[in-house]
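Observations on the three-dimensional arrangement
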Amino acid sequence: MEKVKTPVSIRIIFILNEIIFWLFNLAAIAAVVIAFLVFLNFFGDDLQLQVKLPVAFQANLDGVLMQDNSSLNVRLLDAYGEIQFIDTPLSLARLFMIPLLLVVGGMYFMLSIFRRFIRNVNRGLIFEARNIRRLRVLAFSLLVFWVFWIIYDILMLLFIARDLHFATLEMLNKTQPHATLLIFALVLWALSHIFLRGLKLEEEASLTI
Amino acid sequence: MAIIVNLDVMLARRKMSLTELSEKVGLTMTNLSVLKTGKAKAIRFSTLERICKTLDCQPGDILEYSPHT
């Protein structure tokens, strides 16, 4: 079968993915080092841990939307944000390092798989059993990631958000569904089936004289 | 597969080698070997036409259906 020239878009994706992968490697190393230092109590009582709060809070703040020369009254109903623990206790800091390491490890794994996949596609090796396997592994990993975030959000709601009290804000029993992750996992799974069909068609074509 | 390719029989009758056939028909040795050994999944009419023209034969001289294979 004649070799098809790799499209420019695939080359761009390959280059961007390489850049993202190596930048992520740096960030991952930094995250692991920080986690290690936290476990060793390197920061002592000076740690100001900041985490994303996956639980919504009710704001009920009135404001104004400026458009051209007119203004429109608006009200901020609820929002998501970040929370900072002032002088974070060591036990809490160590607890948060566990999901951090799991997320970093999981993302590194998925980026590695995708990197190998896109490298093959860039070389023109598209309909291969290895690529189909990688798509399925990616789909499954994203599914596991989705389940992880759902559990993390529920744990944050049960053990942190419910016990948070602010003078002007009220915590809600509302988390995000992270539907994008689930949809992406399903899309990759369907794509693996399409690639399998492509592999069978390519095999048949190569054995057509 | 129930379709048997009798290419080597026709090549022997016409006293032609596989290499010679590949040059005249314009197929690679690899493809002709795939055809000759019965590993091919399909054959194009254009390929069959060129082989029959070169070997001066009918498609039935090259292809045989055997249901018990």
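Below is a short write-up of the structure. Here the structure is a predicted model, which means the values were calculated and not measured.

Attention shifts here to the overall build of chain A. A tally of regular secondary structure across chain A gives 4 helices and 3 strands. Beginning at the N terminus, the succession of helices and strands in chain A can be written as α-β-β-α-α-β-α. Rg of the C-alpha trace for chain A: 23 Å, well past the compact-globule value of 17 Å for 209 residues, more than 25% over. When the backbone C-alpha atoms are referred to their principal axes, chain A occupies close to 80 × 55 × 30 Å. Counting across all 209 residues of chain A, residues that qualify as buried make up 33%. For chain A, restricting intrachain contacts to residue pairs at least 6 apart in sequence, the fraction spanning at least 24 positions comes to 78%.

Let's shift gears to the interface of chain B and chain A. Counting residues at the interface gives 11 residues for chain B, matched by 4 residues for chain A. A per-residue breakdown of the area chain B buries against chain A is headed by K41(B), A42(B) and R44(B), which together make up 56% of the total. On the surface where chain B and chain A come into contact, there are 5 residue pairs in polar contact (both at pLDDT 80 or more). It is helix α3 (residues 29-36) of chain B that provides the largest number of residues to the side of chain B that touches chain A, a total of 3 residues. Broken down by class, the residue content of the side of chain B that touches chain A amounts to 6 nonpolar, 2 polar and 3 charged.

Examined against the element boundaries, T47(B) turns out to sit in helix α4 (residues 45-55). Other than its neighbours up to four places away in sequence, T47(B) contacts I209(A) and L27(B).

Okay, the sheet that holds strand β2 (residues 70-85) of chain A next. All names here are of chain A. Strand order in the open sheet made by the 3 strands is β2-β1-β3, with antiparallel pairing throughout. Whereas interior strands pair on both sides, the edge strands pair on one side only; in this sheet they are β2 and β3 (170-175). Across the sheet, the axes of successive neighbouring strands diverge by a mean angle of 45°, strand direction being ignored. The pairing of strand β1 (residues 49-67) with β2 spans 14 bridges and is antiparallel. Looking at β2, one finds that L49 is bridged to F85. Relative to β1, helix α2 (residues 90-122) is tilted by about 85°, and along the sheet it contacts β1 and β2. The sheet strands contacting helix α3 (residues 129-159) are β1 and β3, and the helix crosses β1 at an angle near 80°.

What follows concerns a nonpolar patch on the surface. There is a patch of nonpolar side chains on the surface, built from V8(A), I12(A), I15(A), L16(A), I19(A), I20(A), L23(A) and L26(A) and spanning about 780 Å² of accessible area. Along the chain, V8(A) turns up in helix α1 (residues 8-39).

Okay, the nonpolar core next. Residue and element names in this part refer to chain A. Counting 22 residues, the largest nonpolar core has V51, F85, F96, M156, I160 and M171 as its most contacted members. At the level of elements, α1, β1, β2, α2 and α3 are the ones that each hand at least two residues to this core. What I160 contacts, discounting residues up to four positions off in sequence, is F85, L92, F96 and L155.

Time to look at the environment of F117(A). Residues and elements named next belong to chain A. Relative to the helices and strands, F117 is located in helix α2. Through-space distance from the C-alpha of F117 to that of F159 is 39 Å; in sequence the pair is 42 residues apart. Discounting chain neighbours no more than four positions away, the residues touching F117 are N131, R134, L135 and F195.

To describe two helices that pack against each other, one gives the angle between their axes and the distance between the axes. Residue and element names in this part refer to chain B. The N-to-C vectors of helix α2 (residues 18-25) and α4 enclose an angle of 120°; their axes lie 10 Å apart at closest approach. Here α2 is positioned oblique relative to α4, judged by the angle of their axes. In this structure, α2 crosses over α4, and the sense of that crossing is right-handed. Judged by residue contacts, L21, K24 and V25 of α2 engage R50, I51, T54 and L55 from α4. Residues that form the contact of α2 with α4 fall into these classes: 4 nonpolar, 1 polar and 2 charged.

So, on to unusual backbone geometry. Positive phi, close to 50°, is recorded for N60(A), a residue that is not glycine. Mapped onto the fold, N60(A) is located in strand β1. For K15(B), which is not glycine, the phi dihedral falls at a positive 55°. Mapped onto the elements of the fold, K15(B) is located in the loop between α1 (7-13) and α2.

Calculation notes
Residues numbered from 1 in each chain as written. Chains lettered and ligands numbered in written order. Predicted model: local features only at pLDDT ≥ 70, side-chain atom pairs only at ≥ 80, totals over all residues. Heavy atoms only, no water. Helix = DSSP H or I, 4+ residues; strand = E, 2+ residues; numbered from the N terminus. Rg over C-alpha atoms; globule rule 2.2 N^0.38 Å. Buried < 20%, exposed > 50% of the residue type's maximum accessible area, 1.4 Å probe, protein only. Contact = heavy atoms within 4.5 Å. Buried area = accessible area lost by both parts, 1.4 Å probe. Polar contact = N/O pair within 3.5 Å; in protein donor to acceptor, adjacent residues only side chain to side chain. Nonpolar A, V, L, I, M, F, W, Y, C, P; charged D, E, K, R; others polar. Pairing = 2+ DSSP bridges. Axes fitted to C-alpha atoms, helices over the stretch in contact; angles between N-to-C directions. Patch = residues over 30% accessible without salt bridge, like charges linked within 9 Å, V, L, I, M, F, W, Y side chains within 5 Å. Areas by Shrake-Rupley, 256 points an atom, 1.4 Å probe, with all protein chains shown as cover. Salt bridge = Lys/Arg side-chain N within 4 Å of Asp/Glu carboxyl O. Core = buried A, V, L, I, M, F, W, Y, C linked by side-chain atoms within 4.5 Å. Parallel < 35°, antiparallel > 145°, perpendicular 65-115°, else oblique. Left-handed = near helix turned anticlockwise from the far one by under 90°.

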